[in-house]
Amino acid sequence: MYARAVAAMTTALLATLTLLIPASDARAHTSRQPSVIAHRGASAYAPENTLAAIDKAAELGIGWVENDVQRTKDGELVVIHDDSLRRTTNVKKVFPGRSPWKVKDFTAAEIARLDAGSWFGPAYAGARVPTLKQYMRRVEHNHQNLLLEIKNPQLYPGIEQQTLKLLGNEGWLDRQHLARRLIVQSFSADSVRTVHDLKPGVRTGFLGSPSVADLPAYAKFTDQINPSYGSLSGTYVSLVHAFTGPHGRPMEVAAWTVNDAATARTVARYGVDGVITNKPDVVRQALSGS
Ligand code: G3P
Ligand code: CA
């Protein structure tokens, strides 16, 4: 009875909000410009998810970087997007008999031998797939902030706990990092919820665009809803903002992957809090005039 009453009230509230919030007013939520987040590092200019890509973002003056974390056969956390090593390394040449070259089927020592830069350009020959530990140290060295994605968590049982342990060991779970410098996100709601349950102080993000009716449930464990820009509207952003996340602040929205000035301005008008981009310089320039 009680649950039905709460559901009815939520639906009524959402309907009212939808009517009250014109999409064109979305930017009124905040006067702040959205944060610019370098997707897989400044990945238009340097090989994605390498130390060179976060150094490039730092060189451009970009304070936030995004990455993807997975796990090797022998349990090392590494930073790489695909579940296979094929696209972004020379694994086919070094280990020709090991198709389909899954990250989870290679040891950390084997992955450390791979060239993760030549596919992008000769200037990056010899770049490596970083371990998460190496990566965290470079982000810290560069005074950057991190949007860490737990990628394919269904392949790596316990990866949430392991990632949090490493973050703690590296000093990333102290008050200052938790308040300002770290967000953990995933396409898996279960994974995001697990991170929240294990370390409630960590800010989290869900990758996707849940239906408005489901937002109250998401607001219990995620601080951000991070959709593809193509599925966004100003109304949706405003509706997300109307919910209070687990840390007592309005839920936020970061849109991906926005690589041109016009789209950056459009999502900024929608009122997003972050823009995730391969070309952080282009997006920053576009937003400085919006
Ligand atoms: O951070 C958003 C974005 O990284 C999600 O997509 O496939 O690039 O990891 P993907
Ligand atoms: Ca990602």
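Small disclaimer: the values here were computed from a predicted structure and weren't measured. (Residues numbered from 1 in each chain as written. Chains lettered and ligands numbered in written order. Predicted model: local features only at pLDDT ≥ 70, side-chain atom pairs only at ≥ 80, totals over all residues. Heavy atoms only, no water.)

### So, the pairing of strand β4 (residues 145–150)
Then comes step 1: With six of six residues buried, β4 is to be regarded as a mostly interior element.
Then comes step 2: Neither face of β4 is open: one carries N145, L147 and E149, the other L146, L148 and I150, and all of them are buried.
Then comes step 3: Pairing of strand β2 (residues 64–71) with β4, which is carried by six bridges, proceeds in the parallel orientation. Bridge assignment links N67 to a residue of β4, and that residue is L148.
Then comes step 4: Pairing between β4 and strand β5 (residues 182–186): four bridges, direction parallel. (Buried < 20%, exposed > 50% of the residue type's maximum accessible area, 1.4 Å probe, protein only. Helix = DSSP H or I, 4+ residues; strand = E, 2+ residues; numbered from the N terminus. Pairing = 2+ DSSP bridges.)

### Considering the coordination of the calcium ion (ligand 2)
Then comes step 1: On the protein side, the calcium ion (ligand 2) has E66 (OE), D68 (OD) and E149 (OE) as donor atoms, found 2.2 to 2.3 Å from it.
Then comes step 2: On the primary sequence, the residues serving as donors to the calcium ion (ligand 2) are separated as E-x1-D-x80-E. Of the two residues, E66 sits in strand β2 while E149 sits in strand β4, which places them 83 residues apart along the sequence.
Then comes step 3: Judged by relative accessible area, E149 falls into the buried class, the value being 4%. (Donors = N, O, S within 2.8 Å, 3.2 Å for Na, K, Ca; no water.)

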